[in-house]
Structure formats: C-alpha cells, structure tokens
Amino acid sequence: MNNDFLKYQAQTSPYPLGMEVSHAIGSYIYDTSNKKYLDFVAGVSACTLGHQNPRVNNAIKNQLDKYSHVMVYGEYSQNPAVEYCKLLATHLPAPLEQTYLVNSGTEATEGALKLARRVTGRSQLISCHNAYHGNTMGSMSVMGFEERKQIFRPLVPDVDFITFNNEADLQKITTKTAGIILETIQGGAGFIQPQNDFLKKVRQRCTEMGALMILDEIQPGFGRTGKLFGFQNYEVVPDIVVMGKGMGGGMPVGAFTASRAHMELLSDNPKLGHITTFGGHPVIAAACLATLQELTETSLMSEALEKEKRFRKLLVHPLIQEVRGEGLMLAAMTTHAEITNKVIFKCQEKGLILFWLLFEGCAIRITPPLTISNEEIEEGCAIILEAMDEILNDK
C-alpha cells in the first residue's frame, strides 16, 4: 500500500483495502502492477455505465471545451443543467417536475429535510431504524444506527424512528410530522425491500396527516432495479425524491426533486432557503445528461432484471443463505460476518471486487455496472464460489 496514501489522506476506517489504482475501463479496474479486477461494486453503485463510458467521457470533454464553473447555482441558465432537469422531469410522474441539483446524496437529503419543514411549517422528522441517508449532521440525525452517531450528538432535534415494513408504526406519523424519509429499498440494513404494500400505506398515512413522503433513491435509483427509480416498482409517488450516486456516471452529484409549488418555497421567505456554489456544475450536469440519455435510450434497465436472474441462478452455495435485493442491487447473505469478510478479501486476491454493507455484517454487496456482460457475471460468480469452497475446506 502507498504509504503517502495513509500519511496524507484522511481515512474512513483503520483498515482501507489500499489498492493502488492505475486505470479502469468497462467492468474492470487495474492496479499499478497491471493486475485487473472485475468490478462487482461500481464505486458503491455510482458507476452506472461502468468505467470510462464513451458517451459520458465525450460529454465531459465537450463541455470542458465550452465552459466549466461560471456562477453559483440558480443564477445563470446553463444548458447542461437545464436539459438534464428537463429530461429527468419527463421520466418522473406528476407532480415531480422541478429538480434542485447539488453535489452529493447527503446534501440532497439535507435539502429534502429542509423542504419538508418549509412546506409544512412543522418540525418533526421520521426515519427508520437501520436507515442510512448520508453522513452530514442533518442526514446523520435521520440515520437509524445509534452506534455510528452517538459520539457526534447533539444532532438535529425532533426526530423519531419506525421499523421498516412495520405498518403499526405508521401511527407515529401525525399532524406534527413534517415528513418521513425512507429508502425505497433499505441499503445499509441489508437490501431490505418493502413488503405488503408498505410504501403505499406510508403514502396514504402521509396524505391523511398532511406530512411529506420523502423517498431516498440514492442506491436504487437510475436503473439499478429495472426501473429508473425503485419506487416505480411499487406504484407510489412520493412528495420528494432524493437521488445521487448513479446519476452522474461516476461524477460527484446529488439532487432532490419535488413539485414546482413546493420547490418554489425555497426561493423566498427567506430567499436563498437552500444554496450551493457548485450544484448544477456544467461538466457534472453534462455527465448526468449523458448517463440519463444512455439509460433511457437503451435496454440497460430491463436487462438488469435478466442479469439478476443469472446472478441468482449462479450464486448457490452452502455459505449463501439467500440473495436479497432487486435487479443489480443485490446482497449475498452468508451465515456469519466473519465469512463475509473472508469472501471479500479472498475475492480481491483472485481479481474480483466485492464490498460490505454499512450495518449488515453478513451481506456481500453485489452492485456491478449496469453494462456488465453475462460472461463477466459468470466469471465473477465462479470466483465467489471458488473462494467459498476454499473457506469451507479450511474449516
């Protein structure tokens, strides 16, 4: 591992994987010794179209030749951002029509929480146990995992928690609630999908109580579940959609979308209710536009469901209890967190990149680029099974 990496760059954990990256293309990342690794993680669901996608790269280069940052968000009309928001609106149900572009998923969460309070004039926010919506102070306040946030308290007050898929808990949504924020599919908790029309029941309760329903699509969004957004699989329309990760084709970005009537409230009383310098950056917006065009003009989204079937067919092993998730947002659940760790490390040695989920220690993250081929799926699954066989034989 590069010692300068540890010495000069702040770390997120005591034990980073430490691969020294040389270059990446398609579904592969290469280290500085030119060893190639099949990527089953896609930058934690961010590289929707793989690495060095020609359409995204060309859009970035073309925009760089015109202009980069020229003004803070919201003052100038910049074509890449305008065209992106316009195209996005055509693929979202009414009344989700106006998008605020920001720099990351957690910033989008912050904006959505502020908007819920601004629209309703209420303060209470509700989230789920084991939820993850980002790591800034507001987003951390609606994180449902006390171990990760206790040391940073006090956080934003008046936040309550329910259990995902627990219908009885919806009584906590009252006329005091500004909004409830949910991941359409719980990510860090283990790729847990809504059951028994849970999202519809949340929608109904919010409508009855005058609270806003916020859906976090940072992980399911942009084709990973077979639809552009995960909530489109569940016949429900939220008041606010939070997005990030996969929307930029590997570039740093986030956004939240709501009705025009709601979003306009951030522009007055007070003015500058939400501001950002680099949100809507023209180079990033060009990458977003190219990514969205590629997703909506090809069959990549529907192919994600066929690729899911291939993964499920291949990933059969005594150490795999089940495969959770939908499309190319999958988690292979092992029998113990120690086994998950061994599989991930062994697979990296064998040239396959896997990763963890935040809170569920038994889960192996499998979120490859949507562009992954059937042959690459078979190659990667063979490595997983080989690693698991070795672990069984070592016992």
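Residues numbered from 1 in each chain as written. Predicted model: local features only at pLDDT ≥ 70, side-chain atom pairs only at ≥ 80, totals over all residues. Heavy atoms only, no water.

1. Some thoughts on the sheet that holds strand 1 (residues 21-25)
Consider a sheet: its strands pair through backbone hydrogen bonds, and that pairing is either parallel or antiparallel.
Thinking step 1. Reading across from one edge, 1-2-3-13 is the order of the 4 strands in this open sheet, with mixed pairing throughout. What marks the edges here is a single partner per strand, and that holds for strand 1 and strand 13 (352-353).
Thinking step 2. Across 3 bridges, strand 2 (residues 28-31) lies against strand 3 (residues 36-39) in antiparallel orientation. In the sheet register, Y28 faces strand 3, and the bridge partner there is L38. (Pairing = 2+ DSSP bridges. Helix = DSSP H or I, 4+ residues; strand = E, 2+ residues; numbered from the N terminus.)

2. Focus: the sheet that holds strand 11 (residues 320-326)
Thinking step 1. Reading across the sheet, the 3 strands line up as 11-12-14 and stay open at both edges, with antiparallel pairing between neighbours. Lying at the two open borders of the sheet, with one neighbouring strand each, are strand 11 and strand 14 (363-366). Neighbour-to-neighbour, the strand axes of this sheet turn through a mean angle of 20°, independent of strand direction.
Thinking step 2. Here strand 11 runs beside strand 12 (residues 329-334); their pairing, made up of 6 bridges, is antiparallel. For V323, the partnering residue across the bridge sits in strand 12 and is A332. (Axes fitted to C-alpha atoms, helices over the stretch in contact; angles between N-to-C directions.)

3. Structural notes on the packing of aromatic side chains
Thinking step 1. Counted by the stated rule, this structure contains 10 aromatic pairs.
Thinking step 2. Between F40 and F311 the ring centres are 5.3 Å apart and the planes differ by 75°, which places this aromatic pair in the edge-to-face class. Pair noted here: F40 is in the loop between strand 3 and helix 2 (42-45) and F311 is in helix 11 (residues 300-314), with a separation of 271 residues, a long-range link.
Thinking step 3. Since its relative accessible area comes to 0%, F40 is described here as buried. (Phe/Tyr/Trp six-rings, centres within 6.5 Å; stacked < 30°, edge-to-face > 60°. Buried < 20%, exposed > 50% of the residue type's maximum accessible area, 1.4 Å probe, protein only.)

4. Observations concerning helix 5 (residues 105-120)
Thinking step 1. Over its 16 residues, helix 5 extends 23 Å from the first C-alpha to the last, a length consistent with the 22 Å expected when each residue adds 1.5 Å.
Thinking step 2. Burial in helix 5 covers these residues: G105, T106, E107, A108, T109, G111, A112, L113, L115 and A116.
Thinking step 3. One or two positions beyond helix 5, positive phi appears at G121, with a value near 70°. (Expected span 1.5 Å × (residues − 1).)

5. Section: the packing of helix 4 (residues 79-90) against helix 10 (residues 282-297)
Thinking step 1. Where helix 4 contacts helix 10, the two axes come as close as 8 Å, and the packing angle between them is 30°. For helix 4 against helix 10, the interelement crossing comes out left-handed. In this structure, helix 4 contributes P80, A81, E83, Y84, L87 and L88 to the contact, and helix 10 contributes P282, A285, A286, C288, L289, L292 and Q293. (Left-handed = near helix turned anticlockwise from the far one by under 90°. Contact = heavy atoms within 4.5 Å.)

6. Considering unusual backbone geometry
Thinking step 1. Cis rather than trans, the peptide bond between R153 and P154 has omega equal to 5°.
Thinking step 2. For P154, the location among the structural elements is in the loop between helix 7 (146-149) and strand 6 (159-162).
Thinking step 3. Notably, D158 is not glycine yet its phi reads approximately 65°, a positive angle.
Thinking step 4. Take D158: it is sitting in the loop between helix 7 and strand 6.
Thinking step 5. One non-glycine residue, F222, lies in positive phi territory at about 65°.
Thinking step 6. You can see F222 is positioned in the loop between strand 8 (212-216) and strand 9 (240-243).

7. A few points about the nonpolar core
Thinking step 1. Ranked by internal contacts, the top residues of the largest apolar core, which has 89 residues, are F222, L354 and I366.
Thinking step 2. It is helix 10 that provides the largest number of residues to this core, a total of 10 residues.
Thinking step 3. Leave out the neighbours within four places in its chain, and I366 touches F40, F311, L315, L328, M329, L330, A332, L354 and I384.
Thinking step 4. Grouped together as the second largest cluster of nonpolar side chains are 20 residues, I181, I214, I240 and A258 included. (Core = buried A, V, L, I, M, F, W, Y, C linked by side-chain atoms within 4.5 Å.)

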